[in-house]
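Reading the structure
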Amino acid sequence: MKTHEKYINRCIELAKNGLGTTYPNPLVGSVIVFEDKIIGEGWHKKAGEPHAEVNAINSVKDKSLLSKATIYVSLEPCSHFGKTPPCADLIVGHKIPNVVIGTVDPNEKVAGNGIKKLLEAGANVTVGVLEEECYALNKRFFTFHNKKRPYIILKWAETADGFIAPFKILKQVQHDKLKPVWITNTYSRQLVHKWRTEEQAILVGTQTVLDDNPSLNARDFYGNNPVRIVWDKSGKIDAKFHVKDNSIKTLFITESKEFKSTENCIYEICQFDENLVKNTLAILVKHQIQSVIIEGGSQTIQSFIDKNLWDEARIFKGKSTFKNGIKAPKIKGRTIETKNILEDQLIIVKNDN
């Protein structure tokens, strides 16, 4: 079993290379071993492109070794035709006798069928190696399929005295001059942009857009921009704001019916009542969004906390003080990581409920 764990761990390492680029597919890594030596490996890089098992098999120089090898894969091989053929069929076709799987695929199109197909073909199949680690690798994918909602990450920065923003004393008129008041340093802000490349969407409320005119992109880190989700109950956000520049797919969740959707500016009608959070998540599922960062403001973040609809919170604490202003959200959870980024402190909290 220790040998199995070593190679499944390698599968997990490989799979992480696809974070942010495989949606709506899961992160998957695969390793092929002959006589305790890796002869091939690969990972899924992008939806529509070859899966991890295909890349691993293709990387094996001497294909005759496959009939005597073991293939390791972090997630159950698919058994259905999608944009690519079933990986289970490929494994069977190459007569690979031993298959070691990290965890079962929760997608109803697979859900044990890949394992069944391998067993029926006579393969020796081992399932459940480093299962918790493989689950954690695909926490977004599992949450989407098992809970029928995206994986929800709350993110905010607060001052040493517990404020998320100062009170606005003078209302600025020109939208292009609106700028956020920074609590964290440059390195913390770059990390946030890295996170944006890893998740499918980012959500803010109306007031954050009106106050800060954010672009909500990943301009400080290389990678994909997230889909922008904006709560705009009465349609206050006009074309002068960055979120309406059509540069990135943006969903506006609103009660207003006066707007017409375009390719990159999509309007979804939703009642802003006690079910707003739940109904918003249903809209994100409709758009196949598996993960979302809730970036603010305080009232928006608190609404997810109050409904207990969140999976983890990433909280920056800066050294500055405001003495008064908008208070940071209140949250209860299990702290799983604390680290310093120069003078900033980053605290990551997990929701175990």
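Residues numbered from 1 in each chain as written. Predicted model: local features only at pLDDT ≥ 70, side-chain atom pairs only at ≥ 80, totals over all residues. Heavy atoms only, no water.

Before going further, it helps to examine the sheet that holds strand β8 (residues 201–204). The mixed open sheet is built from 9 strands, whose spatial order is β11-β10-β9-β8-β12-β6-β13-β16-β15. Each of the sheet's edge strands pairs with one partner strand only, and the pair in question is β11 (265–269) and β15 (334–341). Neighbour-to-neighbour, the strand axes of the sheet open up by a mean angle of 20°, direction not taken into account. Taken together, the 7 bridges between β15 and strand β16 (residues 344–350) define a ladder with antiparallel strand orientation. Its bridge partner lying in β16, arginine 334 is registered against lysine 350. Sheet strands in contact with helix α9 (residues 276–286) are β6 (151–158), β8, β9 (227–231), β10 (250–254), β11 and β12 (291–296), and its direction is about 155° off that of β9. (Pairing = 2+ DSSP bridges. Helix = DSSP H or I, 4+ residues; strand = E, 2+ residues; numbered from the N terminus. Axes fitted to C-alpha atoms, helices over the stretch in contact; angles between N-to-C directions. Contact = heavy atoms within 4.5 Å.)

Further remarks concern the pattern of salt bridges. Any two side chains of opposite charge can pair, so long as their charged atoms come close to each other. If you walk through the whole model with that rule in mind, you get 17 salt bridges. A salt bridge links glutamate 199 to arginine 140, with the nearest nitrogen and oxygen atoms 2.7 Å apart. Here glutamate 199, found in the loop between α7 (186–198) and β8, pairs with arginine 140, found in helix α6 (residues 139–147); they are 59 residues apart in sequence, far enough to count as distant. For lysine 286, the salt bridge identified is with glutamate 268, shortest N-O distance 2.9 Å. A residue pair is termed long-range when its members are at least 10 positions apart, and lysine 286 in helix α9 and glutamate 268 in strand β11 qualify at 18 residues. Given the relative accessible area of 11%, glutamate 268 is considered buried. Salt bridges sharing common partners tie together Arg10, Glu13 and Glu41. (Salt bridge = Lys/Arg side-chain N within 4 Å of Asp/Glu carboxyl O. Buried < 20%, exposed > 50% of the residue type's maximum accessible area, 1.4 Å probe, protein only.)

So, about helix α4 (residues 113–120). All of the buried residues in α4 are Gly114, Ile115 and Leu118. Projection of α4 onto a plane perpendicular to its axis shows the buried side chains occupying an angular sector of 100°, all on one side. Its buried side turned inward, α4 meets α3 (87–93), β4 (98–103) and β5 (124–127). Glycine 122 occupies a position one or two residues after α4 and carries a positive phi of about 95°. (Arc of directions from axis to C-beta.)

With that out of the way, let us pick up the environment of alanine 160. Its location among the elements puts alanine 160 in the loop between β6 and β7 (163–165). Among residues more than four places away in sequence, those in contact with alanine 160 are Gly318, Lys319, Ser320 and Thr321.

On to the packing of aromatic side chains, then. As enumerated under the stated definition, the model contains 8 aromatic pairs in all. With a centroid separation of 4.4 Å and an interplanar angle of 40°, the aromatic rings of tyrosine 135 and phenylalanine 142 are classed as tilted. For tyrosine 135, a relative accessible area of 37% gives the class partly exposed. When the ring of phenylalanine 252 is compared with that of tyrosine 267, the centres are 5.3 Å apart and the planes differ by 20°; the resulting orientation is stacked. (Phe/Tyr/Trp six-rings, centres within 6.5 Å; stacked < 30°, edge-to-face > 60°.)

Taken in spatial order, the 5 strands of this open sheet run β2-β1-β3-β4-β5, and their pairing is mixed. Only two strands of the sheet have a single neighbouring strand rather than two, namely β2 (37–43) and β5. Taking each pair of neighbouring strands and ignoring which way they run, the sheet shows an average axis angle of 15°. In the sheet, strand β1 (residues 29–34) pairs with β2 via 6 bridges, with the strands oriented antiparallel. Bridge pairing links glycine 29 to tryptophan 43 in β2. Sitting on the sheet, helix α2 (residues 52–59) touches β1, β2 and β3 (70–75), and the angle it makes with β2 is about 140°.

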